[in-house]
Amino acid sequence: MNLLTDELTGLLTRKTFHERAGNILKTSEGLAVVWLNLDNFKMYNKRFGFTAGDELLRETAGIISTIFSHNSLSARFSDDNFVILTDWSSVEMNTEMIQQYLYEYREDVSLRLRAGIYFPSKNEDIRSSCDRAKLACDSIRKNHSMNSCMFHEGMSRKLALQQYILDTLNVALKQDRICVLYQPIVRLSNGKICETEALTRWHDPETGAISPSEFVPTLEQYREIHKLDIHALRQVCEDCRTRIERGLPIVPVSINLSRLDFELCNIFHEVELAVETNGIGREDIRIEITESANEDDGAILNLGIEKFRSMGYEVWMDDFGSGYSSLNVLKDYNFDTIKFDMKFLRGFDIKKSEKAKYIISSNLSMARLMGMEALAEGVENEEQLEYLQTIGFDKAQGYYFGRPMRYEEIFRLGREIEIRE
């Protein structure tokens, strides 16, 4: 077994690349680190099979080796990520040549190769150089008008924040710098609060508030997200227990889980332990999973969904319509509630746009046929609320009903709480 090269592609492994490229950077200047990513490779595997996916990776590695053959090092870092150390003068031209090759690889599919480029200084750390190239590559993930991007210092600030998040996570959890707030969910048929969603907020003594849009993706990328999710789960159950001990009613809470929780910990055990330790019922906890989680390993996730449901927990799909095929979600998974992201209503005149009305109502009808309840999130005004009531949504949440707040404050809003039979 050759430990220096990747078994599938023949390119260098990550470890070997770090060693060799690091030595080169100690003595050389005028170099570039290029991070390449094949967009939608997982979907390619699903459509054409793993054998075809492996062949695509071999072909990509072959063309990388051919084009970057002179004074370059090439490696495969993970499934669909490749890294190159090369001369800076030809990096853009060579990257475009690889991209053009992939455009023409198959007539029945459009393949996109994203490239992030970083120009390290002499004697600069190779690992941080790779991180910067990756950051540049990730920055154009959703910008399909760009296939390559140079690293700039604005990205460096983001990288520094990512590192700060990783370095201080354990302390933040231990010192309760990360708290749980709750946003009310209202049943539209009676106007009562029927559930809440638990949302994490990070207040740091040095940086101030750190946005969930910054710390959640970072913790997912570096596979630390389970620590946050378990912390939030325990806090939710403790908040519910406090009210139960005082003889006060509680309202069910939905907790967000990452797909990685199913890999990084025994999430079923963690949920059961938190529920049983605090003396609350399974009917008081909703398991909420983001739609994009299905893009990676649907089979594993489906088993997880079914196990939670068999244990007596409701399972919700978050951000429906934002990523994975809506039809596939409804066909392949059994959810109790589908949460519709209302962001897609922005830009539409609700009263005039028949297209918006058709898109929403057709998806709503399909969810209903599958026996799922429909919840609209992001409701901001009365006009949206009236529209959702008209087409038959079951529940809604958003700033119109209340911003995220402490659990106790849910019961002081002046809105009646739905009592479970």
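Residues numbered from 1 in each chain as written. Predicted model: local features only at pLDDT ≥ 70, side-chain atom pairs only at ≥ 80, totals over all residues. Heavy atoms only, no water.

Enquirer: Looking at this model, I keep getting lost on the environment of I140. Mind explaining?
Expert: Residue placement: I140 occurs in the loop between α5 (126-138) and β5 (148-150). Leave out the neighbours within four places in its chain, and I140 touches R112, R114, A115, M146, N147, S148 and C149. (Helix = DSSP H or I, 4+ residues; strand = E, 2+ residues; numbered from the N terminus. Contact = heavy atoms within 4.5 Å.)

Enquirer: Any chance you could explain empty space enclosed by the protein here in plain terms?
Expert: The rolling of a water-molecule-sized probe over the atoms marks out the regions of remaining empty space. On inspection of all chains with the given rule, the structure shows two cavities of 30 Å³ or more. Quantified by volume, the second largest cavity comes out at close to 30 Å³. Forming the walls of the second largest cavity are D131, K134, L135, D138, L159, Q162, Q221 and Y222. Mapped by element, the contributors of at least two residues to the lining of the second largest cavity are α5 and α6 (153-174). For the lining of the second largest cavity, the element with the highest residue contribution is α5, accounting for four residues. Taken together, the residues of the lining of the second largest cavity sort by class into three nonpolar, two polar and three charged. (1 Å grid on protein atoms, 1.4 Å probe; cavity = no way out; pocket = protein on both sides within 12 Å on 5 of 7 lines; lining within 4 Å. Points joined across faces, edges and corners; volume = space filled by probe spheres on them. Nonpolar A, V, L, I, M, F, W, Y, C, P; charged D, E, K, R; others polar.)

Enquirer: Would you mind showing me how to read the packing of helix α8 (residues 225-245) against helix α10 (residues 267-277) here?
Expert: Each packed pair of helices is defined by two parameters, the angle between the axes and the distance between the axes. At a minimum axis distance of 9 Å, the contact between α8 and α10 shows a crossing angle of 20°. The angle between α8 and α10 places the two elements in the roughly parallel class. Where α8 crosses over α10, the handedness of that crossing is right-handed. Contact with α8, carried on its side by I230, L233, R234 and C237, involves E270, V271, A274 and V275 of α10 and no other residues of that element. Of the residues in the contact of α8 with α10, the class split is six nonpolar, no polar and two charged. (Axes fitted to C-alpha atoms, helices over the stretch in contact; angles between N-to-C directions. Parallel < 35°, antiparallel > 145°, perpendicular 65-115°, else oblique. Left-handed = near helix turned anticlockwise from the far one by under 90°.)

Enquirer: Can you help me understand the pairing of strand β9 (residues 253-257) in this one?
Expert: Every other side chain in a regular strand lies on the same face of the sheet, so the side chains alternate between the two faces. Burial analysis of β9 places four of its five residues in the buried class, the great majority of the element. In terms of strand pairing, strand β7 (residues 192-204) meets β9 through two bridges, oriented parallel. Bridge pairing in β9 places T196 opposite V253. (Buried < 20%, exposed > 50% of the residue type's maximum accessible area, 1.4 Å probe, protein only. Pairing = 2+ DSSP bridges.)

Enquirer: Would you take a moment to explain the state of the cysteines for this structure?
Expert: Here a disulfide denotes a covalent bond joining the sulfur atom of one cysteine to the sulfur atom of another. Scanning all chains against the criterion turns up zero disulfides. Distance from the sulfur of C194, which forms no disulfide, to the nearest cysteine sulfur (C240) is 15 Å. (Disulfide = S-S within 2.5 Å.)

Enquirer: What is the right way to read the nonpolar core from this model?
Expert: Soluble globular proteins tend to bury their nonpolar side chains together. Counting residues in hydrophobic clusters, the biggest one holds 58 residues, and the most contacted among them are V236, I285, I287, F308 and F393. Take this core: its biggest share by element is six residues, from α8. Excluding its chain neighbours within four sequence positions, the residues that come into contact with V236 are V180, Y182, A198, V253, I255 and I285. Counting residues in each nonpolar core, the second largest holds 25 residues, with F41, Y44, L56 and L57 among its members. (Core = buried A, V, L, I, M, F, W, Y, C linked by side-chain atoms within 4.5 Å.)

Enquirer: I'm lost on the layout of surface pockets in this one. Help?
Expert: Of the volumes computed, that of the second largest pocket is approximately 250 Å³. If you trace the second largest pocket, you find 13 residues lining it, with D39, N40, M43, V109 and S110 closest to the centre. Per element, the largest residue contribution to the lining of the second largest pocket is five residues, and it comes from helix α2 (residues 41-48). Tallied by class, residues from the lining of the second largest pocket come to six nonpolar, three polar and four charged.

Enquirer: Any chance you could explain the side chain of D261 here in plain terms?
Expert: One can find D261 in helix α9 (residues 261-264). Within the buried set, D261 has no salt-bridge partner at all; the shortest N-O distance to an opposite charge, 9.8 Å, is to R259. Setting aside anything within four residues of it in sequence, one finds D261 in contact with I225, H226, D229 and I267. (Lys, Arg positive; Asp, Glu negative; His and termini not counted. Salt bridge = Lys/Arg side-chain N within 4 Å of Asp/Glu carboxyl O.)

Enquirer: How should helix α1 (residues 14-27) be read in this particular structure?
Expert: For an α-helix, the turn length of 3.6 residues means that residues three or four places apart are oriented alike. Between its terminal C-alpha atoms α1 stretches 21 Å, which fits the 20 Å expected from 14 residues at 1.5 Å a residue. T16, F17, H18, A21, G22 and L25 are the residues of α1 that are buried. Against β1 (31-38), β2 (73-78), β3 (81-87) and α5 lie the buried residues of α1. (Expected span 1.5 Å × (residues − 1).)

Enquirer: How should the packing of aromatic side chains be read in this particular structure?
Expert: Working definition: an aromatic ring pair is given by the centre-to-centre distance plus the angle between the planes. Taken as a whole and assessed by the stated rule, the structure comprises 14 aromatic pairs. Seen from their ring centres, F262 and F268 are 5.9 Å apart, and the 65° between their planes marks the pair as edge-to-face. For the pair shown, F262 and F268 are each scored as buried. Its guanidinium or amino end placed over the ring of F268, K307 lies 4.3 Å from that ring's centre, counting from NZ or CZ. (Phe/Tyr/Trp six-rings, centres within 6.5 Å; stacked < 30°, edge-to-face > 60°. Lys NZ or Arg CZ within 6 Å of the ring centre and 35° of its normal.)

Enquirer: How should I be thinking about the sheet that holds β1 in this particular structure?
Expert: Where strands meet in a sheet, backbone hydrogen bonds hold them as pairs that are either parallel or antiparallel. The sheet built from five strands is open, its strands ordered β2-β3-β1-β4-β5 with mixed pairing. With one partner strand each, in any of the chains shown, β2 and β5 form the two edges of the open sheet. On average, each strand axis in the sheet is tilted by 20° relative to the strand beside it, whichever way the strands run. As defined by bridge partners, β1 adjoins β3 across seven bridges and the pair is classed as antiparallel.

Enquirer: Got a minute to help me understand the environment of E270 in this structure?
Expert: With respect to the helices and strands, E270 occurs in helix α10. Given the relative accessible area of 16%, E270 is considered buried. The sequence separation of E270 and D229 amounts to 41 residues, and the corresponding C-alpha distance is 9.9 Å. With residues near it in sequence (within four places) discarded, E270 still touches I230, L233 and R234. A distance of 3.3 Å separates the side chain of E270 from the side chain of R234, its partner in a polar contact. (Polar contact = N/O pair within 3.5 Å; in protein donor to acceptor, adjacent residues only side chain to side chain.)

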